[in-house]
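# Summary of the model geometry
Chain by chain, the residues run as shown.
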Protein chains: 2
Amino acid sequence: MTNSKSDTEKVILEAARKVFIRKGLDGARMQEIADEAGINKALLHYYFRSKEKLFKMVFREAMGKFFPSMLMILGSQDIAIEKKVEVFIEHYIRIIQENPFIPSFIIGELNKNPGQLTEFFVESGMDTSRVSFIIEEVLAKELKISTQQARHLVVNIIALSVFPFVSRPLLEKIIFHSNKDEFDQFVSERKSVIMNLIGTSIYR
Amino acid sequence: MTNSKSDTEKVILEAARKVFIRKGLDGARMQEIADEAGINKALLHYYFRSKEKLFKMVFREAMGKFFPSMLMILGSQDIAIEKKVEVFIEHYIRIIQENPFIPSFIIGELNKNPGQLTEFFVESGMDTSRVSFIIEEVLAKELKISTQQARHLVVNIIALSVFPFVSRPLLEKIIFHSNKDEFDQFVSERKSVIMNLIGTSIYR
DNA sequence: CGCTGTTTTAACTATATGGTTAAACCGTAC
DNA sequence: GTACGGTTTAACCATATAGTTAAAACAGCG
């Protein structure tokens, strides 16, 4: 058996992450998570009380991989805005590549339970006024564009970065004829494609 | 009771569409679909055999809303390519606005069962070689760009069109402070933002 | 060692779920 | 009216599921 309480919690969380992210809340089974963790199912309840509480932790953690660091990059004061956008794109694509299933997981679960899941995330400390500040006072000001244009910019970057991953099964099948190497090549080009596209809109 | 077999099938399909698209395969309950349809649950099995078969029909139908018409628009021979891209973007955004939950549904379900769901769609008649033809022989040729660039273009258009909808709960909360009117205003601007962005990359 | 608190286990529970069954009902044709 | 095939219903069923329970096992301390 594991050495201590914190190890068991960790083992459970790791297993839950794997299972929830691929199966979603409804599709995941507590026994499956227990099997993945190599523990007795009753421990899930002992440590986390319920399936939903366990899911909440995994969901918040998943969200937390994507948003806070974006604030840090765009909010930093010692880099030129164009460079910040570049680093942001680079960073974003890298995070997605390291966690390719998380965007689909978030999108799918949000569709099923938008209200509560958004609250889970906001509760976790997401500072929405900080986001607005970054968009209005940093992006818009430094790029000399309107707040709304800055919003569009952020959404465009995220959209262009995320989409190939969330639609991967389809793109591979339909456009790349199940050729994974070609798809991977396509993905490796995304950074420069996005930079060019976004770059022209910033400089225009 | 309904008048005939075809009415009962229709009523079931409509109810199943509503429930599956919001709850997904695992989250939807057969009793819930029966309640939504106002029929006895056993009829679901009588007409459609199983939950999965019913889901398959709904999934294929949902996919069918998004892809075939894109081929028609881009494949038509009597419009200038730039106009075709414009009509494509316009059409795509309109379809999404009319079916705002479908993209999230597709993305979420694909994450859970990529192999089989992709097959469901391909089985339904999606002509992947026709897609390649459109990308290579129409888009790439007419725009005088490489096949790979044409692929990026299609993915960019879809990404920019779809993303605000799949991330709506979050965007509304984080960027628009739950102001639905502002979000709707933002969405209404997407067409022109996307056209400008894509337009500059086409003409560059 | 005994005690206490914590962790883990195996068995159990109440309820839900997708699916089945048999009979009742309906519409049509003779 | 009867017979027949198709549709619908209410009850039922086998299994799965999240969660509970009580006891065993463990760890640390005096």
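Residues numbered from 1 in each chain as written. Chains lettered and ligands numbered in written order. Predicted model: local features only at pLDDT ≥ 70, side-chain atom pairs only at ≥ 80, totals over all residues. Heavy atoms only, no water.

## Notes on the relation of the copies chain A and chain B
- Mapping chain A onto chain B calls for a screw motion: a turn of 180° about the axis and a shift of 0.0 Å along it, with 0.0 Å RMSD after fitting. What the rotation and shift describe, once combined, is the action of a two-fold rotation axis. Looking at the rotation axis and the C-alpha trace of chain A, the residue lying nearest is A:G108, at 1.9 Å.
- Take the interface residues of chain A: 100% of them recur as interface residues in chain B, which is what a same-surface contact looks like. (Least-squares fit on C-alpha atoms with pLDDT ≥ 70 in both. Contact = heavy atoms within 4.5 Å.)

## Focus: the pattern of salt bridges
- According to the stated counting rule, one finds 34 salt bridges over all chains in the structure shown.
- Across the pair B:K173 and A:E119 runs a salt bridge, and its minimum N-O distance is 2.6 Å. Of the two residues, B:K173 sits in helix α11 (residues 168-174) while A:E119 sits in helix α8 (residues 114-123), which places them in two different chains. (Salt bridge = Lys/Arg side-chain N within 4 Å of Asp/Glu carboxyl O. Helix = DSSP H or I, 4+ residues; strand = E, 2+ residues; numbered from the N terminus.)

## So, the packing of helix α5 (residues 68-75) of chain B against helix α6 (residues 81-98) of chain B
Residue and element names in this part refer to chain B.
- For the pair α5 and α6, interaxial distance at closest approach is 9 Å and the crossing angle is 160°. Classified by the angle between their axes, α5 and α6 sit roughly antiparallel to one another. Pair α5 / α6 crosses with right-handed handedness. On α6, the residues that touch S69, M70, I73 and L74 of α5 are K84, V87, F88 and H91.
- In terms of residue class, the contact of α5 with α6 is built from five nonpolar, two polar and one charged. (Axes fitted to C-alpha atoms, helices over the stretch in contact; angles between N-to-C directions. Parallel < 35°, antiparallel > 145°, perpendicular 65-115°, else oblique. Left-handed = near helix turned anticlockwise from the far one by under 90°. Nonpolar A, V, L, I, M, F, W, Y, C, P; charged D, E, K, R; others polar.)

## Here's the deal with the domain arrangement of chain A
All names here are of chain A.
- Looking at chain A, the domain boundaries give domain 1 (5-58) and domain 2 (65-203).
- Of note, the centres of domain 1 and domain 2, computed from C-alpha atoms alone, are 28 Å apart.
- Listed by partner, the interface residues are 10 residues for domain 1 and nine residues for domain 2.
- Interface area for domain 1 against domain 2, summed over the two sides, is near 850 Å², with a carbon-plus-sulfur share of 69%. (Domains from an automatic or database assignment. Buried area = accessible area lost by both parts, 1.4 Å probe.)

## Observations concerning the side chain of B:N156
- Within the secondary structure, B:N156 sits in helix α10 (residues 147-166).
- At 2.5 Å, the side chain of B:N156 forms a polar contact with the side chain of A:R190.
- B:N156 has contacts with A:L160, A:R190, A:V193, A:L197 and B:I198, leaving out every residue within four places of it along the chain. (Polar contact = N/O pair within 3.5 Å; in protein donor to acceptor, adjacent residues only side chain to side chain.)

## Details of the packing of aromatic side chains
All names here are of chain A.
- All chains considered together, the criterion is met by 20 aromatic pairs over all chains.
- An angle of 85° between the planes, with centres 5.7 Å apart, marks the rings of F176 and F183 as edge-to-face.
- Among the residues examined, F183 registers a relative accessible area of 0% and is labelled buried.
- Through successive ring pairs, a cluster of aromatic residues spans F20, F55, F59 and F105.
- Over the ring of F101 we find R22; its NZ or CZ atom is 3.9 Å from the centre of that ring. (Phe/Tyr/Trp six-rings, centres within 6.5 Å; stacked < 30°, edge-to-face > 60°. Buried < 20%, exposed > 50% of the residue type's maximum accessible area, 1.4 Å probe, protein only. Lys NZ or Arg CZ within 6 Å of the ring centre and 35° of its normal.)

## Quick notes on helix α7 (residues 102-112) of chain A
- Most of α7(A) sits out of view: 11 of its 11 residues are buried.
- The set of residues buried in α7(A) consists of A:I102, A:P103, A:S104, A:F105, A:I106, A:I107, A:G108, A:E109, A:L110, A:N111 and A:K112.

## Thoughts on the interface of chain A and chain B
- Listed as interface residues are 58 residues of chain A and, on the opposing side, 59 residues of chain B.
- When chain A packs against chain B, the two sides together hide about 5,100 Å² of surface, and 67% of this comes from carbon and sulfur.
- Counting across the interface, chain A meets chain B through four salt bridges.
- Our count for the contact surface shared by chain A and chain B stands at 18 residue pairs in polar contact (both at pLDDT 80 or more).
- Elements represented by at least two residues in the side of chain A that touches chain B include exactly α1 (5-27), α7, α8, α9 (128-143), α10 (147-166), α11 (168-174) and α12 (180-203) of chain A.
- Of all the elements, α10(A) adds the most residues to the side of chain A that touches chain B, at 12 residues.
- Along the lines of polarity and charge, the residues of the side of chain A that touches chain B split into 31 nonpolar, 16 polar and 11 charged.

## Quick look at the side chain of B:H152
- Assignment of secondary structure puts B:H152 in helix α10.
- We classify B:H152 as buried; its relative accessible area is 4%.
- B:H152 has contacts with A:F186, A:E189, A:R190 and A:V193, leaving out every residue within four places of it along the chain.

## Examining the nonpolar core
- Judged by nonpolar contacts, the single largest core of 156 residues is most densely connected at A:F20, A:I106 and B:F20.
- Ignoring sequence-local partners within four residues, the contact set of B:F20 consists of B:L25, B:A28, B:I33, B:K51, B:L54, B:F55, B:V58 and B:F105. (Core = buried A, V, L, I, M, F, W, Y, C linked by side-chain atoms within 4.5 Å.)

## Some words on the protein's contact with DNA strand D
- Surveying the vicinity of DNA strand D reveals 17 residues, the closest of which are A:R29, A:K41, A:K51, B:Y46 and B:Y47.
- The protein-proximal atoms of DNA strand D, defined as those within 4 Å of the protein, are 60% sugar or phosphate.
- Here a phosphate oxygen of DNA strand D and a side-chain polar atom of A:R29 are 2.6 Å apart.
- One nitrogen or oxygen atom from the side chain of A:K41 is found 2.7 Å from a base nitrogen belonging to DNA strand D.
- The set of elements that each furnish at least two residues to the surface near DNA strand D consists of α3 (42-48) of chain A together with α1 (5-27) and α3 (42-48) of chain B.
- By residue number, the principal contributor to the surface near DNA strand D is α3(B), which donates four residues.
- Of the residues belonging to the surface near DNA strand D, the class tally is eight nonpolar, five polar and four charged. (Near = heavy atom within 4 Å.)

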